[in-house]
Amino acid sequence: MSRFDFAALNRLPADLSDPFEQAVWRWTLAHGGDALLAERVARTARAEAAGDSCLALTGAQASRHGGTALDSQQLQQLRRSSLISDGGHIAPLVIDARQRLYFWRNWRHEQRISEQIVQALSTAADQAASESLEAALQQAFADSDPALDSLQRKAVRQALSRRLLILTGGPGTGKTRTVGRLIEAARRLHGETLQIHVAAPTGKAAQRLNMLFDRDANNVTAAQTVHRLLGFDPDTQRFRHGRELPLKTDLLIVDEVSMLDLGTLRTLLEAVPPSTHLVLMGDAEQLQSVTTGSVLDDIVQALEGIPDSPVVRLQHGFRSEHGLLPVFIAAQQGDAKALTRGADDLFAPISLRSCADLTQRDQRLHDWALQLIDQLSGAVTGQGEQDAARLLQAWQQQQLLCVLNEGPFGASEAALRIEARLREAWRVLPGTASFAGQAIMVRRNDYARGLFNGDLGVLLPDTSSRLRAWFADPMSSRLRSFATGDLPEHASACALTVHKSQGSEFPRVALLLPPDAESRVLSRQLVYTALTRARQRVEIWGDEAVLGAALARRSSRLGGLRDLLVQRCAALRG
Ligand SMILES: Nc1ncnc2c1ncn2[C@@H]1O[C@H](COP(=O)(O)OP(=O)(O)OP(=O)(O)O)[C@@H](O)[C@H]1O
């Protein structure tokens, strides 16, 4: 048993300035860890905050969060600590066979996710006779061209005949349509008793699914958030469903899986009974979750191309209006030249505007606000539900996206400046916090009111002239309204971070890049995610060099999920 290392208290590494990292460092010392372990555990906390599930102790990745690679003696020293396990017994920390340091929970999440996925791959599903399956498929796809939808049919066949389908593809490649057809085919095959559930990580994405599916025709429960499906209790921060209390569902479809973090995906997979057909779908090229892991990317990379792969990647872009398709492909491939090719053309779906300093930023924001004012002009003076619906729709025509939330190029500042223009144009009295015409975005889930992080609302008076916040109702085509004082935490929706915009689409999008090409938050996935929010036009505000630097950096998160899946699948075949 090691003793408390008092001398180490004076040796806090200078770069561990974050209070949480310092707390973790002190905790490790207080629990018998030595100075080296305390320093590495603090860096593991830093790695986790950056989305990595572990910290590399050796090799080229060891300096990723400010440390240096350890030699074999130092590794031995860490492994001897009672705080460390190799995974064989429970301990606060794990060092795996690849010399990566984990918090126990992240190590366990990866183990359980890979076990569950491999189990799903190896379990035979209840199969309908292949003739009835083919007949159901023919009927579900009766109206479409087999030359274009062969991958969509393959996906439906996979989902109905196996336990797991991973469905990925860019915007407009038909993911939603495919699962719509899957539901139809499943109903034909198994009748009304089949329990079908649809979920997505955010309320916004779930709401969008509800608008796209013909739920009534197919008797599907309304799409809900994954947290709600799993019975998340905000008071205890625990899920009701899991291994002990599995979900009751025969076919579960989860969209936008790239946004799920390791812990939530683990709970979800543990809560799915062995007989359920599970569809995990999303665009693997998009940004990863805001917390830990890059689950969809890891799963697709590990399983795509293996014999009998559960991955179907849709590739054909179907949206006829999508002049932006070459732009999306160029962003996905990190090709800055192809991305901006033709951007000078007035009629091109993409334009690039310089935005290197605060003066240019203000000019861009000013122009954007004028467009917004024009866009909203007919809708801000009304009252009641119908006018609120028009206003909500008008707000959804164009959206400004920012890489960051804070700072002079962040969403908060941009929103503030745009709102100042709106206040001027609409002659809002100084000092008025909420005003008619304003758009807000909910920042925290409020289960009691059914409002969720990411929900967009507009403020407009009701027919008794009381200002209320109006939101789309995911269960109907009506709006719901709330007194402004009853709203959960919210902020202006004039500008959103790219992260917050995931799961939404808008006809026109502008992306404000920060001027610093070295900014660590810039990545290819970030640009891709931002641009693919647009259906018709995108403007990029920023320097070409910054755009080039962002596209050149495909961010990858450090973790063991991909390797585990590869190993376990090989063992299964082997
Ligand atoms: N096989 C097909 N034949 C004809 N039209 C199709 C086909 N597949 C998809 N579409 C059409 O293409 C458009 C985009 O499809 P869908 O919304 O399913 O794509 P998606 O991958 O879910 O896109 P996003 O992620 O942007 O929502 C829809 O209008 C859909 O009806």
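Conventions used here
- Residue positions are given per chain, counting from 1 as you read along its sequence in written order.
- With pLDDT at 70 or above as the cut-off, local features in this predicted model cover only qualifying residues; side-chain atom pairs require 80 or more to be listed or tallied, and sums for whole chains, interfaces and linings still use all residues.
- Side-chain descriptors were evaluated using all non-hydrogen atoms of the structure, hydrogens and water having been removed beforehand.
- UniProt positions are given in the numbering used here, feature names are shortened, and annotations may be inferred rather than shown by experiment.
- Like-charged residues are merged into a patch within 9 Å and nonpolar side chains (Val, Leu, Ile, Met, Phe, Trp, Tyr) within 5 Å, provided each residue has over 30% relative accessible area and no salt bridge.
- Reported accessibility uses the Shrake-Rupley method at a 1.4 Å probe radius. Residues are deemed covered only where the shown protein chains occlude them.
- By definition here, a salt bridge exists when the distance from a side-chain nitrogen of Lys or Arg to a carboxyl oxygen of Asp or Glu is within 4 Å.
- Note on charges: Lys and Arg go in the positive column, Asp and Glu in the negative column, and His and the chain ends are not counted at all.
- For this purpose, a charge sits on NZ of Lys, CZ of Arg, CG of Asp or CD of Glu.
- Runs of E in the DSSP output that reach at least two residues are strands. Runs of H or I that reach at least four are helices, and both are numbered from the N terminus.
- Partly exposed describes any residue whose relative accessible area lies between the buried limit of under 20% and the exposed limit of over 50%, with all areas from a 1.4 Å probe on protein chains only and scaled to the type maximum.
- What makes two residues a contact is simply this: any of their non-hydrogen atoms within 4.5 Å.
- Proximity is defined per residue: any heavy atom of the residue falling within 4 Å of a molecule or strand makes that residue near it.
- Between N or O atoms, a polar contact is any pair within 3.5 Å; within protein, one atom must be a potential hydrogen donor and the other a potential acceptor, and residues adjacent in sequence are included only when both atoms are from side chains.
- A pair of strands counts as paired when DSSP detects no fewer than two bridges linking them.
- A clockwise course of the path from the first strand over the helix to the second, judged with the strands pointing away from the viewer, identifies a crossover as right-handed.
- Throughout, an axis means a line fitted to C-alpha atoms (over the contacting stretch in the case of helices), and angles, computed between N-to-C directions, take values from 0 to 180 degrees.
- Comment on the angle field: the value is read as roughly parallel under 35 degrees, roughly antiparallel over 145, roughly perpendicular from 65 to 115, and oblique elsewhere.
- Crossing handedness is read from the near helix: turned anticlockwise from the far helix by less than a right angle, it gives a left-handed crossing, and turned clockwise, a right-handed one.
- All residues other than Ala, Val, Leu, Ile, Met, Phe, Trp, Tyr, Cys, Pro, Asp, Glu, Lys and Arg, Gly among them, are scored as polar; the first ten of these are nonpolar and the last four charged.
- Two aromatic rings, drawn from Phe, Tyr or Trp (for Trp, its six-membered ring), form a pair once their centres lie within 6.5 Å of each other, and the interplanar angle then sorts them: stacked below 30 degrees, edge-to-face above 60, tilted otherwise.
- Residues enter a nonpolar core if they are buried and are Ala, Val, Leu, Ile, Met, Phe, Trp, Tyr or Cys, with the set joined through side-chain atoms within 4.5 Å.

- The chain goes by RecBCD enzyme subunit RecD in an unreviewed UniProt entry, where it is assigned to Pseudomarimonas arenosa.
- The chain has a UniProt comment under Catalytic activity (unreviewed entry) that states "ATP + H2O = ADP + phosphate + H(+)".
- Taken from UniProt, the Sequence similarities (unreviewed entry) comment for the chain reads in full: "Belongs to the RecD family."

## Re a negative patch on the surface
Okay, so step 1: Together, D344, D345, D543 and E544 give the surface a local cluster of negative charge.
Okay, so step 2: Position of D543 relative to the elements: it lies in the loop between β22 (534-541) and α20 (544-552).
Okay, so step 3: When its relative accessible area of 35% is taken as the criterion, D543 is described as partly exposed.

## Here's the deal with the side chain of S501
Okay, so step 1: Topologically, S501 is positioned in helix α18 (residues 498-501).
Okay, so step 2: Judged by its relative accessible area of 0%, S501 falls in the buried class.

## A closer look at the environment of L247
Okay, so step 1: The residue L247 is located in the loop between β9 (238-239) and β10 (251-254) in this model.
Okay, so step 2: The spatial distance from the C-alpha of L247 to the C-alpha of G457 is 32 Å, given a sequence separation of 210 residues.
Okay, so step 3: Apart from the residues within four sequence positions on either side, L247 is in contact with L229, L230, H241, L252, A271 and P273.

## Brief notes about the UniProt feature "binding site: ATP" (unreviewed entry) in the chain
Okay, so step 1: On the UniProt side, "binding site: ATP" (unreviewed entry) is annotated at positions that read G169, G170, P171, G172, T173, G174, K175 and T176 here.
Okay, so step 2: Counting through the fold element by element, G170 comes out in the loop between β5 (164-169) and α7 (175-190).
Okay, so step 3: Excluding its chain neighbours within four sequence positions, the residues that come into contact with G170 are K175, D283, L314 and Y528.
Okay, so step 4: If you trace the backbone, T176 turns up in helix α7.
Okay, so step 5: T176 gets classed as buried once you look at its relative accessible area, which sits at 18%.

## Points about the site of the ligand
Okay, so step 1: Neighbouring the ligand are 14 residues; G172, T176, R177, R208 and E505 lie closest to it.
Okay, so step 2: Residue T173 places a main-chain N or O atom 3.2 Å away from an oxygen atom belonging to the ligand.
Okay, so step 3: A distance of 2.6 Å separates an oxygen atom of the ligand from a polar atom in the side chain of E505.
Okay, so step 4: Of all the secondary structure elements, the ones that give two or more residues to the shell around the ligand are α6 (146-161) and α7.
Okay, so step 5: A per-element tally of the shell around the ligand places α7 first, with three residues.

## Re the pairing of β22
Okay, so step 1: Here four bridges tie strand β13 (residues 350-353) to β22, and the two strands are oriented parallel to one another. Note on β22: the bridge partner recorded for I350 is V538.
Okay, so step 2: Sheet topology places strand β21 (residues 506-512) next to β22; six bridges connect them, and they run parallel. The partner of L511 across the bridge, within β22, is I540.
Okay, so step 3: Of the crossover connections in this fold, the one passing from β21 over helix α19 (residues 524-531) to the parallel β22 is right-handed.

## A closer look at the environment of P171
Okay, so step 1: As for its placement among the helices and strands, P171 is situated in the loop between β5 and α7.
Okay, so step 2: A C-alpha to C-alpha distance of 9.5 Å links P171 and Q315, two positions 144 residues apart in sequence.
Okay, so step 3: Once residues lying within four places of it in the same chain are set aside, the contact partners of P171 are D283, R319, F328, E505, Y528 and T532.

## Here's the deal with the packing of helix α4 (residues 104-122) against helix α11 (residues 262-271)
Okay, so step 1: Where α4 contacts α11, the axes come no closer than 9 Å and their chain directions differ by 40°. It follows that α4 is oblique to α11 by the angle criterion. Here α4 runs over α11; the crossing is left-handed. Contact residues: α4 offers N106, R108, H109, E110, R112, I113, Q116 and I117, while α11 offers L262, G263, L265, R266, L269 and E270.
Okay, so step 2: Classifying every residue of the contact of α4 with α11 gives five nonpolar, four polar and five charged.

## Side note on the sheet that holds strand β14 (residues 398-402)
Okay, so step 1: Overall, parallel pairing links the five strands, which are arranged β13-β22-β21-β14-β20 in an open sheet. Pairing within the sheet leaves two strands with one partner each, and these edge strands are β13 and β20 (495-497). Adjacent strand axes in the sheet meet at a mean angle of 25°, parallel and antiparallel pairs treated alike.
Okay, so step 2: The strands touched by α19 are β14, β21 and β22; relative to β22, the strand with the most contacts, the crossing angle is about 130°.

## Examining the packing of aromatic side chains
Okay, so step 1: A complete count under the given rule lists five aromatic pairs for this structure.
Okay, so step 2: Judged by centre distance (5.2 Å) and plane angle (55°), the ring pair of F232 and F239 falls under tilted.
Okay, so step 3: Summarising the aromatic geometry, the rings of F471 and F482 are spaced 5.9 Å apart at their centres and angled 75° between planes, so their arrangement reads as edge-to-face. Highlighted residues: F471 in strand β17 (residues 467-472) and F482 in strand β18 (residues 479-483), separated in sequence by eleven residues.
Okay, so step 4: In this structure F471 comes out as buried when scored by relative accessible area, which is 1%.
Okay, so step 5: Residue F482 is classed as buried on the basis of its relative accessible area of 12%.

## Overview of the sheet that holds strand β15 (residues 439-442)
Sheet strands pair by backbone hydrogen bonding; their relative direction is either parallel or antiparallel.
Okay, so step 1: Strand order in the open sheet made by the five strands is β18-β17-β16-β15-β19, with antiparallel pairing throughout. Of all strands in the sheet, those bounded by a partner on one side alone are β18 and β19 (490-492). Neighbour-to-neighbour, the strand axes of the sheet open up by a mean angle of 35°, direction not taken into account.
Okay, so step 2: Pairing of β15 with strand β16 (residues 456-461), which is carried by three bridges, proceeds in the antiparallel orientation. Pairing of M441 across the sheet is with L456, part of β16.

## Some details on the nonpolar core
Okay, so step 1: Counting 68 residues, the largest nonpolar core has L339, W395, L400, I418 and L531 as its most contacted members.
Okay, so step 2: Ranked by residues supplied to this core, first place goes to helix α15 (residues 358-376) with six residues.
Okay, so step 3: If sequence neighbours within four positions are ignored, I418 has contacts with L365, W368, A369, L372, L400 and C494.
Okay, so step 4: Grouped together as the second largest cluster of nonpolar side chains are 36 residues, L252, L296, V300 and L561 included.

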